[in-house]
Amino acid sequence: MAGAGERPGRDAALALAEEGDIAGLMREAARLRDIGFGATVTVSRKVFIPLTQLCRDVCHYCTFAHPPRKGQRAFLTPDEVLEIARAGARVGCDEALFTLGDKPELRYAVAREELAALGYASTLDYLAAMAALVLKETGLLPHLNAGVMGEADLARLRKVSASQGTMIETTAARLSARGGPHFGSPDKLPAARLATLEAAGRANVPFTTGLLIGIGETRAERIEALLAIRDSHQRHGHVQEVIIQNFRAKAGTRMAHAPEPSLEDHLWTVAVARLILGPAMSIQAPPNLQPEGLKALIEAGINDWGGVSPVTPDHVNPEAPWPALSALGVATARAGKVLSPRLAVYPGYIEERARWLDPEVASLVLRRADAAGLAHESAWRVGEEERASVVDWPAAPALVGPDSALDAIFDKAFAGRELAEAEIVTLFDARGSRAQRVFEAADALRRESVGDTVSYVVTRNINYTNVCAYKCGFCAFSKGRQHEHLRGKPYELDLDEIQRRTREAWARGATEVCMQGGIHPDFSGETYLAILRAVKQAVPDMHVHAFSALEVRHGAATLRLPVAEFLARLKQAGLGSLPGTAAEILDDEVRAVICPDKLNTGEWLETIGAAHRTGLKTTSTIMFGHVDGYRHWARHLLRLRRQQAETGGITEFVPLPFLHMEAPLYLKGGTRAGPSRREALLMHAVGRLALNPLIPNIQASWVKLGEGGIVAALKAGANDIGGTLMDESISRAAGGMHGQEFPPDRMEAAIRAAGRQARQRTTIYGEAPSRQKQRSYAADPLGPRQEPVAGKFAKIGSLTALRG
């Protein structure tokens with residue numbers, strides 16, 4: 001949200017009215033804007049829903065509002081509202097902008113009659129119902145421009161909207177006198193509009209406001225209006241953006257022949273607004289009203305273009321068509337900035353959603369948000385089937401010239417030096433062509449570090465139980481009292497079935513079994529030791545990659561052993577290496593939300609370090625895209641890097657994008673819907689850069705990304721695509737749709753599609769035995785699996801019979 005920043009006092013602000021050095025003002029405004037928003041300029045993909053064009057006011061420049069017309073309805077019907085909203089949803093819009101005349105029922109009988117026929121007493125009642133309908137049926141986020149209101153009405157509409165707005169336009173009361181543009185418009189009295197602005201602050205409504213310049217006000221009066229906005233925001237913190245809109249003369253109005261403000265005047269006002277409101281306030285100019293001045297408006301200090309619709313016109317300015325998003329991206333790039341989509345509510349208000357958003361609205365906002373609080377660029381979601389779509393963000397035009405900030409970070413990463421947390425955050429926040437530069441740098445570093453070969457391992461997942469005593473909010477695999485409604489029944493494999501699956505995997509060319517399970521309350525350290533002995537008895541040469549840090553600590557605790565001693569027993573029983581799972585996000589701020597009863601960051605690092613000191617290699621993972629942010633990702637990578645520098649046993653870094661579909665915390669409205677595609681790919685690229693040269697292998701998960709995604713990740717720093725798996729079940733339980741096996745022929749086809757050479761490897765990156773390679777290419781189909789219901793049929797040889 002907008003903070004104090006660098007801002008002039010009242011006298012200094014008013015003195016700007018006489019400042020004629022526009023170029024100097026613009027330079028300073030652009031400097032301040034860059035402090036707050038960097039290289040990003042945002043836009044909202046919206047539909048414009050003109051709920052009614054009747055209004056009790058008669059602004060002398062307006063063609064949106066008009067008296068009742070014969071044969072025309074006073075209000076859109078619910079079906080018409082939904083038709084507009086659904087059209088927007090189909091092409092990837094995020095926002096439903098409701099614009100309407102102010103209280104038409106107070107002036108027109110037809111408005112009262114039509115509202116009564118619809119079953120509503122007032123325009124605001126009907127607006128609330130239609131916003132709720134759009135939310136429920138389409139998920140688009142309503143932004144409501146409902147005019148002058150009191151605190152009670154603002155609070156009521158807050159329950160069905162992501163944000164609201166009312167333009168102050170001007171605080172010059174003289175413009176409401178006879179002969180002025182607002183004469184006869186009681187809702188345009190500055191006192192009434194300022195009272196609405198104040199009421200919105202008291203009601204904790206994220207609020208949009210702004211100025212309409214060129215309607216007869218002086219520059220000093222514009223500054224007075226900006227100061228009034230600033231004062232209100234200082235009291236409440238609710239102003240999320242300020243629009244500097246230029247008057248356009250329209251035929252058929254009383255101001256049809258009034259002079260329009262020049263581009264220079266518009267630039268002066270934008271720059272002064274930035275100086276007065278500071279670096280953190282979002283300042284917007286509508287791009288369709290100044291199409292020849294887009295580059296200059298950015299140079300004057302804006303950071304946002306407002307809403308642009310691919311399906312509906314600007315009903316307030318119908319003579320001015322919206323620019324295409326691709327054209328707006330090009331214009332933004334010419335000013336050295338990157339265009340990015342945003343939501344109807346700004347990131348700071350999303351982060352503090354407990355105060356600013358109704359809980360039901362907040363859950364829908366989160367579903368559309370990335371980790372920075374902006375919008376996903378495309379309809380891509382982790383684990384879902386890939387599909388062609390018209391909703392993808394247009395390809396980013398290349399920025400002109402070098403990017404000194406990114407280049408300095410790249411130089412440091414290539415030199416193998418540790419990046420600062422802020423530098424890693426900068427990489428994760430790269431968008432458009434800046435993100436592409438990060439991908440390209442990571443790919444170049446990958447080529448320099450490990451060459452062009454892409455490796456994979458033939459492995460089988462054996463998840464020996466899905467019963468778990470923990471309550472992780474992201475997990476749809478485990479079954480316990482908290483998760484009984486989710487997919488599948490609780491089960492536990494007996495040792496015979498584990499051995500059968502191990503022998504079958506070996507016959508199909510596997511060199512590894514990967515074994516993990518829930519923390520079954522009846523299991524002890526002896527259970528895990530028995531599992532290892534059973535596998536090694538079945539296939540002595542099989543590498544056993546098993547047990548997360550949580551399982552290790554559970555086993556040690558049940559046997560009352562130090563972790564290091566229990567790890568030594570596991571190794572003696574046949575454990576070859578450990579998966580670096582249960583890491584999730586190595587930051588206790590996040591863990592307190594997603595897995596509060598699980599091991600903490602220090603305990604995970606301690607266990608992994610103990611494994612390395614015991615002579616056991618581990619992988620490392622990150623499970624991201626839920627309630628975390630870029631700073632948490634940065635801290636996670638730095639903690640992995642420092643652990644590797646100390647103990648040196650991590651073989652690879654495996655990004656695991658959050659699969660949201662069946663996750664309990666997501667179903668309760670408490671998480672985002674996984675990372676965006678940009679973020680998922682950046683995790684591989686930034687991992688390559690931030691972990692260089694200590695962790696050389698970066699793995700892309702086909703389970704999460706799909707074939708197209710792993711090809712993209714291989715062009716963004718990855719050099720490994722994990723295991724064939726044979727029995728993937730954890731991601732499928734969470735809603736993943738990419739299958740349970742990715743056999744060698746498909747693995748190698750995906751690698752070739754990325755222009756690289758394939759290599760079948762072992763768990764610790766050696767060469768796979770030639771006999772196993774041959775078997776893997778001619779594997780028989782898997783046999784039927786046996787998954788006895790947990791706790792129902794305990795018998796000799798079962799895992800529960802082995803509990804300590």
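**Q** Which residues make up the packing of aromatic side chains, and what values go with them?
**A** One pass over the structure, following the stated rule, counts 12 aromatic pairs. Pairing F428 with W633 gives two aromatic rings, centres 5.0 Å apart and planes at 85°, and the pair type is edge-to-face. One end of the pair, F428, is in helix α16 (residues 421-428); the other, W633, is in helix α24 (residues 630-647), with 205 residues separating them in the sequence. Of the two residues, F428 and W633, neither departs from the other in class, the shared state being buried. Measuring from centroid to centroid gives 5.1 Å for Y528 and F547, while their planes differ by 55°, and the two rings are tilted. Of the two residues, Y528 is situated in helix α19 (residues 525-538) and F547 in the loop between β13 (543-546) and α20 (549-558); the sequence distance between them amounts to 19 residues. Given a relative accessible area of 1%, Y528 falls into the buried group. Ring pairs connect the aromatic residues F428, F624, Y630 and W633, which therefore count as one cluster. The positively charged end of R219 is found above the aromatic ring belonging to W268, 4.2 Å away from the centroid. When the ring centre of Y765 is taken as reference, the NZ or CZ atom of R761 above it lies at 4.1 Å.

**Q** Tell me about the environment of M149, and please be specific about residues and values.
**A** Relative to the helices and strands, M149 resides in the loop between β3 (141-145) and α6 (151-158). Given a relative accessible area of 7%, M149 falls into the buried group. As for M149 and A192, which are separated by 43 residues in sequence, their C-alpha atoms are 8.6 Å apart. Sequence-distant contacts of M149, defined by excluding residues within four places in its chain, comprise L124, L154, L157, Q164, T196 and A199.

**Q** So what about the sheet that holds strand β16 (residues 650-657)? Which residues, and what values?
**A** One open sheet holds the 6 strands; their spatial order is β11-β12-β13-β14-β15-β16, and the pairing between them is parallel. The open sheet has two edge strands with one neighbour each: β11 (459-463) and β16. Taking each pair of neighbouring strands and ignoring which way they run, the sheet shows an average axis angle of 30°. Of the pairings in the sheet, the one linking β11 to strand β12 (residues 512-516) comprises 5 bridges and is parallel in character. When the sheet's bridge partners are listed, I462 is paired in β12 with M515. Strand contacts of helix α18 (residues 495-507): β11 and β12, with the helix running at about 170° to β11, the strand carrying the most contacts.

**Q** I'd like to hear about empty space enclosed by the protein, residue by residue, with values.
**A** This model, assessed by the stated rule, comprises 4 cavities of 30 Å³ or more. If you add up the space inside the second largest cavity, you get close to 100 Å³. In this structure, the second largest cavity is lined by 15 residues; those nearest its centre are G329, L339, W393, A396 and P397. Taken together, the elements giving at least two residues each to the lining of the second largest cavity come down to α11 (325-334) and β9 (338-342). Here the lining of the second largest cavity takes 4 residues from α11, the largest share from any one element.

**Q** Can you break down helix α27 (residues 702-714) residue by residue, with the values?
**A** With 13 residues, α27 extends just 11 Å between its outermost C-alpha atoms, more than 12% less than the 18 Å of an ideal straight helix rising 1.5 Å per residue. Where α27 bends most, the angle comes to about 85°, and this point is G708. Buried residues dominate α27, accounting for 11 of its 13 residues. Burial in α27 covers these residues: W702, V703, K704, L705, G706, G709, I710, V711, A712, A713 and L714.

**Q** Account for unusual backbone geometry, naming residues and giving values.
**A** Residue P693 is reached from N692 by a cis peptide bond, and omega for that bond is 0°. In this structure, K103 takes a positive phi of about 45° despite not being glycine. Assignment of secondary structure puts K103 in the loop between β2 (95-100) and α4 (109-118). Despite not being glycine, Y765 shows a phi value in the positive range, around 75°. With respect to the helices, strands and loops of the structure, Y765 is situated in the loop between β18 (757-761) and α30 (770-777). A residue is classified by how much of its surface remains accessible, and Y765, at 15% relative accessible area, is buried.

What counts, and at which threshold
Residues numbered from 1 in each chain as written. Predicted model: local features only at pLDDT ≥ 70, side-chain atom pairs only at ≥ 80, totals over all residues. Heavy atoms only, no water. Phe/Tyr/Trp six-rings, centres within 6.5 Å; stacked < 30°, edge-to-face > 60°. Helix = DSSP H or I, 4+ residues; strand = E, 2+ residues; numbered from the N terminus. Buried < 20%, exposed > 50% of the residue type's maximum accessible area, 1.4 Å probe, protein only. Lys NZ or Arg CZ within 6 Å of the ring centre and 35° of its normal. Contact = heavy atoms within 4.5 Å. Pairing = 2+ DSSP bridges. Axes fitted to C-alpha atoms, helices over the stretch in contact; angles between N-to-C directions. 1 Å grid on protein atoms, 1.4 Å probe; cavity = no way out; pocket = protein on both sides within 12 Å on 5 of 7 lines; lining within 4 Å. Points joined across faces, edges and corners; volume = space filled by probe spheres on them. Expected span 1.5 Å × (residues − 1). Bend = angle between axes of the 7 residues up to and from the residue.

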